[in-house]
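Observations on chain architecture
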Amino acid sequence: MQKFHSFFYTFLCSIFILQTGAGQQVGRPIAIKTEYLSNPIGIQEDIPRFSWEFEESEPGFLQSACEIIVSDNLQDIQNTKGNIWSSGKIQSQENIQVLYKGPPLKSFTRYQFKIKVYDSNDQPSEWSGVNWFETSALQTSDWKAKWIGDGSVNPSSDSAYYQPDRMPLFRTDFSTKKKINRAVLYASGMGYYEAYLNGEKIGDRVLDPGFTTYAEEVLFSAYDVTGYIKKDNTLGFMLGNGWWNPLPFKFFGRWDLRDYQQTGRPCVFAELHISYGDGSVEKIVTDEKWKYFPGPVVKNNIYLGETYDARLEVQDWSRSVKQKVAWKNAEVVEGPSGKLSSQMQPPIRITQIVKPVKITRRGADTFMVDMGQNFAGVARIHVKGEAGRKISLRYGEDVFEDGSLNVMTTVATQIKKGGIKGGPGAPETAWQEDAYICKGHAIETWHPRFTFHGFRYVEVSGWLGDMALRDIEGLRMNSDLQSTGNFACSNQQLNKLHEIIQWTFLSNVFSVQSDCPGREKMGYGGDMVATAQSFIYNYQMAQFYRKAVSDFSNDQRPEGGITEIAPFTGIADRGYGDLSGPLGWQLAFPFLQKQLYDFYGDKKIVENNYAAFVKQMDFLQSKAVDHLFYWDISDHEALDAKPEAFSASAFYYHHAVLGEFFASVLDKPADSARYHILAESIKNAIVRKYLVQQTGRFDNATQSAQLFALYYHVSPEDSLSFARLVDEFHRHDDHLSTGIFSTAMLFNVLGERSEHELLYKIATQPDFPGWLHMLNNGATTLWETWAYPETGPSQNHPMFGSIEEWFYETLLGINNGGNAFKDIIIKPQPSGDLTWAKGNYHSIRGNITSDWRISDGKFKLTVAVPPNTNARIFVPALPGEKIYVDATSLNLPYENGYSIFECGSGTYHFSTRAKTVSYK
């Protein structure tokens, strides 16, 4: 898209310069990132990329060039000397994805760097502050540690897996005799671990490392532990099963995870690198000299929960004191076979303490705790009891009418008494339950370490005496995503909906984007397709979605198909052979790459995965019949009959369109032409098969079918197809009947045609089906179904959160005009009874704000455009109406109900007479 310039902006800018004086200091680079992260430790990129924003600068600032210096020591960089790389002046307007082009980087090395930029008049900024990135092992051979375990083996029968199985503790002692400059720990523990140094837990991460396909990739984390080191030291690890050592129960009665992923006994891999003042480096690595002893975690499973026997605690197990128990030698084990990769996605942390709102006695020693909010995490208790007293915590999203706990919406993969069976040894009903066995001290505080649950209510049994609100609290856990967006408006129910969507989204990011945090916890591709843009407007998702793409790539099937779920758990519902997934779920692999390119300018993700995408496309082409597909999960949870075959072919068309786009980005004209021809062939086949000529109807002409046709622009009878869609909405009394995909599509389709009043009416219907129906019936997170889910579907499911796109792109009007928000479109579209809306999206290039209000017959809009970008601002206005821009009256170009103002960076205030007709 062209860069936006106008006479009007130039006029305003000249006034500003006259008022303030020319020669203002050029804003220096700030908020500098390496691979999307600030000062990251442990990266493994041979050619890292830099991005930055700008300190406050003059309006209209555009970068014309930049300069980067990199050093391997602080003194040189402080003296503005790049002893590793001095880029010289790079003529470039880019401030994102700027490549390091110095000599090859070394493993386990910190690199310091500074950046300065030049404006369009070639005036330089000051150098930025000192930033740095630190590499880990850039070659597999750089690692010296070994995977170690306790030498135990898993049971020979499935039923035996459910018996107590004490998790191992590992430790090693070491001393330091020289001055320490720095110490870094690189660690991975299968399936989960906690690391301790001298009795202190290292860092605040939980449920580490993230879930991957362990045969292909294993994640490790890097920690600066300089402040933990003493003269005499003990490094220790506590391990849990995680996804690496799962129970053998069969998901939905059919799939055993152990048949589809590499699994094994808990084990740990770690290297502690200690850099001394004399320049030497000592490495403490896991090997057969380490010691182990069984710990107090006697049961733990991702789905069923954790049991902790405090009587089995080993006192001071991670301190340098004489141990009262006989520790045994660890054994070197095979461990997972995947490549060790640095964990770049945000770690899982405890992000909020949730205080209970009500406790009700249910029996002599049983209480029902209402947290007041559905979320994902665990409960923490503060209990006093005699040694051996067992406190059980059973979790659920709701209670039945009689006040008893409803566990049915979070039962692991629907394994329920009288229904689906989980296999030998599995519980009849696989609910979520933790247990703590007291050691008999004063007040004992405990929470599970190696599991997480989806819940609002906790049934506590075994409690001695009365239970008070102070005795329990919820620990909300999630991948600690950085917030990038805010939204609020004059409709308080929409604000509440926005709030519960945030709770829903954060409940479903535990290193994978899941469908629900209780029942399944898996990375379904279709849910990502439906909600990725909504997630991105709210959170920094670059590294999280890069991992998701890697997960799908790691599990690509031998014939080329992409799995329904990644990491793969065996589920391949309505797929196309070789355990591949249905088309709408396979779409996640290329779709997420497109989002990463659009929002973050990430070309590398497309380059790195292009061969896998081509392999996927070859597989899909081999399965198509006359360019069509005939089955799919389709528009999951649509209320009308799903257009299954039509939607499958539409998803195939989407794959081909993305193929043409990726090939163009990578400058592969032959591939681009090939995929263009394929896309046109699929489109024509869809029209021949599914369009009822001269009616605009596609397939069964439901809301879903018409939205698919209009979203993908396949209808040669566009106006008729849209009229048929509107008829369908009216037939449903302006309520939706859409499912997972068409719900996301309806905002684009109606928005493109300026049907904002209809869209607002649909979005704010107070009764069934709709979002506000959920709110009006007590939902604190989104349901999986439009109807209240009592015994099956989840009450914490993100897929209908796609309405967030509407909040940002339509009500606020913040849109990507091209090149990862280098060009910005601000087009607020007031509708319904809204009198104001305000919010922001912090893009990779900087913060974009939109704030509008209708009052006293005036429409007022404030917009902030970040430096080094251009914007096209659409101001809702009546024909011929004067527009005031920062109190200056301007006659602006007018188009379809909007006056259009083109500008560079800065903050702008618009005012005009408010419309008295619908905004269209």
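Per chain, the residues get numbers from 1 upward, laid out in the order the sequence is written. Owing to the predicted nature of the model, reporting of local features is limited to residues with pLDDT of at least 70; listing and counting of side-chain atom pairs is limited to 80 or more, with chain, interface and lining totals taken over all residues. The basis for every side-chain value is the complete set of non-hydrogen atoms in the structure, without hydrogens or water.

**Some remarks on the confidence of the model for the chain**
Here is the rule we go by: Confidence scores per residue from the predictor, reported as pLDDT, run from 0 to 100. Should any heavy atoms of two residues lie within 4.5 Å, those residues are counted as being in contact.
Here the chain averages 95 in pLDDT, while 97% of its residues score no lower than 70. Note on residues 1-23: pLDDT is under 50 here. Beyond four places in sequence and across chains, it has 39 contacts.

**A closer look at the pattern of salt bridges**
A side chain with one charge may pair with a side chain of the opposite charge, provided their charged atoms come close. Here is the rule we go by: In what follows, salt bridge is the name for a side-chain nitrogen of Lys or Arg lying within 4 Å of a carboxyl oxygen of Asp or Glu. Counting from the N terminus, the helices are the DSSP runs of H or I reaching at least four residues and the strands are the DSSP runs of E reaching at least two. Here the term buried applies to any residue with accessible area under 20% of the maximum for its type, exposed to any over 50%, and partly exposed to those in between, with areas from a 1.4 Å probe on protein chains only.
The tally for this structure, following the rule as stated, stands at 44 salt bridges. The salt bridge partner of Asp718 is Arg753, with a shortest N-O separation of 2.8 Å. Linking Asp718 in helix 12 (residues 718-731) with Arg753 in the loop between helix 13 (740-752) and helix 14 (756-763), this pair joins segments that are 35 residues apart in sequence. Judged by relative accessible area, which is 31%, Asp718 ranks as partly exposed. Arg913 is the partner of Glu881 in a salt bridge, and the nearest nitrogen-oxygen pair spans 3.3 Å. Taken together, the positions of Glu881 in the loop between strand 45 (870-876) and strand 46 (883-885) and Arg913 in strand 50 (residues 906-913) put the pair 32 residues apart, joining distant regions of the chain. Residue classification places Glu881 among the partly exposed residues on the basis of a relative accessible area of 23%. Where salt bridges share partners, they join Glu35, Glu45, Arg49, Arg546, Asp602 and Lys604 into one cluster.

**Observations regarding the layout of surface pockets**
Worth spelling out the cut-off: Buried and open spaces are told apart on a 1 Å grid over the protein atoms alone, a cavity being a set of points where a 1.4 Å probe fits but cannot get out and a pocket being an open set with protein on both sides within 12 Å along at least five of seven lines. Residues with an atom within 4 Å of a point are the lining residues. Grid points are joined across faces, edges and corners, and a volume is the space filled by probe spheres set on the points. The classification used treats Ala, Val, Leu, Ile, Met, Phe, Trp, Tyr, Cys and Pro as nonpolar, Asp, Glu, Lys and Arg as charged, and all other residues, Gly among them, as polar.
Here the largest pocket defines a volume of roughly 1400 Å³. Elements with a contribution of two residues or more to the lining of the largest pocket: helix 4 (525-538), helix 7 (588-600), helix 9 (644-665), helix 11 (703-711), helix 13, helix 16 (803-811) and strand 40 (814-818). Top contributing element to the lining of the largest pocket by residue count: helix 13, with eight residues. Class assignment of the residues belonging to the lining of the largest pocket gives a composition of 25 nonpolar, 14 polar and seven charged. Counted as a void, the second largest pocket has a volume near 990 Å³.

**Remarks on the pairing of strand 19 (residues 267-276)**
Note the threshold: In this scheme, strands are said to pair when DSSP sees at least two bridges between them.
In terms of burial, strand 19 is largely enclosed, as nine of its 10 residues are buried. Pairing analysis gives five bridges linking strand 19 to strand 20 (residues 281-285), with the strands arranged antiparallel. Bridging from a neighbouring strand, Ser275 pairs with Val281 of strand 20. Taking the residues between adjacent antiparallel strands as the criterion, strand 19 and strand 20 are bridged by four residues, where Gly279 takes a positive phi near 95°.

**So, the pairing of strand 15 (residues 217-224)**
Within strand 15, seven of the eight residues are buried, which leaves the element mostly enclosed by the surrounding structure. Where strand 12 (residues 180-190) and strand 15 come together, four bridges link them in antiparallel fashion. Bridge assignment links Tyr186 to a residue of strand 15, and that residue is Ala222. Summarising the sheet, strand 15 and strand 26 (residues 339-342) pair through four bridges and their orientation is parallel. Looking at the pairing, Glu217 lines up with Lys339 of strand 26.

**Topic: the sheet that holds strand 13 (residues 192-197)**
The strand order across the open sheet built from six strands is 14-13-16-11-21-24, with neighbouring strands paired in antiparallel fashion. Two strands bound the open sheet, and with one partner strand each, they are strand 14 (200-201) and strand 24 (328-329). Across seven bridges, the pairing between strand 11 (residues 168-175) and strand 16 (residues 232-240) is antiparallel. Directly across from Phe170, in strand 16, lies its bridge partner Phe237.

**What to know about unusual backbone geometry**
Put simply, Asp208 and Pro209 share a cis peptide bond, and its omega is 0°. Among the secondary structure elements, Pro209 is positioned in the loop between strand 14 and strand 15. The phi dihedral of Thr413 is positive, around 45°, even though this residue is not glycine. With respect to the helices and strands, Thr413 occurs in the loop between strand 32 (405-406) and strand 33 (432-437).

**Description of the packing of aromatic side chains**
Cut-off, in case you're wondering: Here a Phe, Tyr or Trp ring, Trp counted by its six-membered ring, pairs with any other such ring whose centre lies within 6.5 Å, and the pair is stacked when the planes are under 30 degrees apart, edge-to-face when over 60, and tilted otherwise. Either the NZ atom of lysine or the CZ atom of arginine qualifies as a charge over a ring when it sits within 6 Å of the ring centre and within 35 degrees of the ring normal.
Going through the model one piece at a time under the given rule, you end up with 70 aromatic pairs. Both rings, one in Phe108 and one in Trp143, keep their centres 5.6 Å apart while their planes meet at 75°; by these two values the pair is edge-to-face. Residue Phe108 is found in the loop between strand 7 (98-99) and strand 8 (110-119), and its partner Trp143 is found in the loop between strand 9 (131-135) and strand 10 (148-149); the two are separated by 35 residues along the sequence. Here Phe108 falls in the partly exposed class, since its relative accessible area comes to 22%. Overall, the relative accessible area of 12% leaves Trp143 in the buried class. Aromatic side chains Phe170 and Tyr292 sit 6.2 Å apart centroid to centroid with 45° between the ring planes, which places their arrangement in the tilted category. One end of the pair, Phe170, is in strand 11; the other, Tyr292, is in strand 21 (residues 291-294), with 122 residues separating them in the sequence. Members of the aromatic cluster, joined through ring pairs, are Trp585, Phe646, Phe651, Tyr653, Tyr690, Phe698, Phe708, Tyr711, Tyr712 and Phe741. Seen from the ring of Phe452, Lys521 lies directly overhead, with NZ or CZ sitting 3.8 Å from the centre. In this structure, Lys594 is placed above the aromatic ring of Phe661, and the distance from its NZ or CZ to the ring centre is 4.6 Å.

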